[in-house]
Structures are given as C-alpha cells and as structure tokens.
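Architecture at a glance
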Amino acid sequence: MLVDELKKMVKAIPADLKEKKGVYSIEFTVAERKVFLSKKKLTYSAKLRVDEEKKELRFTELLKEAGSGMSSGDSEFGSGFGFKKETFRTGMGARDGTINEQSVLFGKQYTYKYDFSKVRTSIESEAARAGYAFKYQITPIGL
C-alpha cells in the first residue's frame, strides 16, 4: 500500500507521517538558532492526501519559522527589552533551493543545509511507482 511505503520513506528523513481525517502530515525541524534569551526554529511541513478513487496523491509544503524569548530594541513595552513570540511563513510553492536560500527571507544566518526537493521528489517517485498521479497544490485548502 502506498501509505505504508511513504511511512518507511519518511522515517529515513527522519520524521513521522501522521494522519488526521485522511490528511497525512510530515513536519521536522530543519534548523534552530539560539541567541541570548531567544530561540528561533525553522520547520519544514508538508501535507498530502491519497485519493484512492482517482488514484492520485495531492501534496503541499511550506517552510515556517517560529521564535520566542526576549527581544531587544523593538519591544512594544518601550523599555528596550520584552518578551516576544512570533511565527512566520514563506509563500507556499515548490522549493528547489537549500535552507540558506530560504533563510534569506527571514534575515537570519542558518548554517544547516537541506534540499527540500528531496522530500517532494521522493514522495512523487513513490506515488508513480504505486500507479498514482502526483498533484502539487499551492494551497492546502481542499487537499
């Protein structure tokens, strides 16, 4: 079965393939950055749905950064220091670059490199091998 093969493939990333209401998700931390009293985490997230009737796999992915901790200078508290938690997302779409290219969007300097296209192409290859069409979607709505 396709889902069983995808679970094996995702374990090698290493990540887990979790299911909720027919939508499978993959999420793993690509890079983490700790500075003074703050922490930033860059996470790759992908969702997919297997449509047995149409014999197709619909796929979407995104890269997001979440951070928490003490901020300096731009605090809403006015004292120059404060607690801040925020989440950022890049636009959704196929990614062929490395983590360094994506991190420019965040203005950060991550040293970890990860080729996102490996996840997508591995899932696409596995779907084709099992006789399923691979449909890339920009937005997860209607996945």
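A quick note: this is a predicted structure, and the numbers were derived from the prediction, not measured. (Residues numbered from 1 in each chain as written. Predicted model: local features only at pLDDT ≥ 70, side-chain atom pairs only at ≥ 80, totals over all residues. Heavy atoms only, no water.)

1. Regarding the overall build of the protein chain
- Each helix and strand in the protein chain was counted, giving 3 helices and 6 strands.
- When the helices and strands of the protein chain are read in sequence order from the N terminus, they spell out α-β-β-β-β-β-α-α-β.
- Relative to its 143 residues, the protein chain shows a buried fraction of 41%.
- A total of about 8,600 Å² of accessible surface is found on the protein chain, and carbon and sulfur atoms cover 51% of it. (Helix = DSSP H or I, 4+ residues; strand = E, 2+ residues; numbered from the N terminus. Buried < 20%, exposed > 50% of the residue type's maximum accessible area, 1.4 Å probe, protein only. Areas by Shrake-Rupley, 256 points an atom, 1.4 Å probe, with all protein chains shown as cover.)

2. Comments concerning the environment of K39
- Positionally, K39 belongs in strand 3 (residues 38-51).
- On a C-alpha basis, the gap between K39 and S68 in space is 5.6 Å, while along the polypeptide they are 29 residues apart.
- Leave out the neighbours within four places in its chain, and K39 touches E32, R33, K34, A66, G67 and S68. (Contact = heavy atoms within 4.5 Å.)

3. Considering the pattern of salt bridges
- As enumerated under the stated definition, the model contains 8 salt bridges in all.
- E126 is paired through a salt bridge with R129; the nearest N and O atoms lie 2.7 Å apart. Of this pair, E126 and R129 both sit in helix 3 (residues 117-129), 3 residues apart, which is roughly one turn of the helix.
- Residue class for E126 comes out buried when judged on its relative accessible area of 13%. (Salt bridge = Lys/Arg side-chain N within 4 Å of Asp/Glu carboxyl O.)

4. Let's talk about the nonpolar core
- Grouped together as the largest cluster of nonpolar side chains are 27 residues, with contacts concentrated most on I26, L48, L57 and I123.
- For this core, the elements supplying multiple residues, two or more each, are helix 1 (2-11), strand 2 (23-35), strand 3, strand 4 (56-72) and helix 3.
- Not counting residues within four places of it along the chain, the set of residues in contact with I123 comprises L6, M9, I26, L48, L57, F59 and F134. (Core = buried A, V, L, I, M, F, W, Y, C linked by side-chain atoms within 4.5 Å.)

5. Topic: the packing of aromatic side chains
- Applying the stated criterion across every chain, the model contains 3 aromatic pairs.
- Between F59 and Y136, the ring centres sit 6.0 Å apart and the planes meet at 50 degrees, which makes this aromatic pair tilted. Taken as a pair, F59 in strand 4 and Y136 in strand 6 (residues 133-136) lie far apart in primary sequence, 77 residues in all.
- Looking at F59, the relative accessible area reads 0%, which means it is buried. (Phe/Tyr/Trp six-rings, centres within 6.5 Å; stacked < 30°, edge-to-face > 60°.)

6. Structural notes on the confidence of the model for the protein chain
- Across the protein chain, the average pLDDT comes to 76, with 66% of residues at or above 70.
- Per-element averaging of pLDDT across the protein chain places helix 2 (residues 99-106) at the bottom with 48 and strand 6 at the top with 94.
- For the stretch residues 73-80, pLDDT sits under 50, and the model shows 9 contacts to residues farther than four places along the chain or on other chains. (pLDDT = per-residue confidence, 0-100.)

7. As for the packing of helix 1 against helix 3
- Direction vectors running N to C along helix 1 and helix 3 enclose 150 degrees, while the axes themselves pass 10 Å from each other. Between helix 1 and helix 3, the angle falls in the class roughly antiparallel. Between helix 1 and helix 3 the crossing geometry is right-handed. Here L2, E5, L6 and M9 of helix 1 come into contact with helix 3, specifically with S122, I123, E126, A127 and R129. (Axes fitted to C-alpha atoms, helices over the stretch in contact; angles between N-to-C directions. Parallel < 35°, antiparallel > 145°, perpendicular 65-115°, else oblique. Left-handed = near helix turned anticlockwise from the far one by under 90°.)

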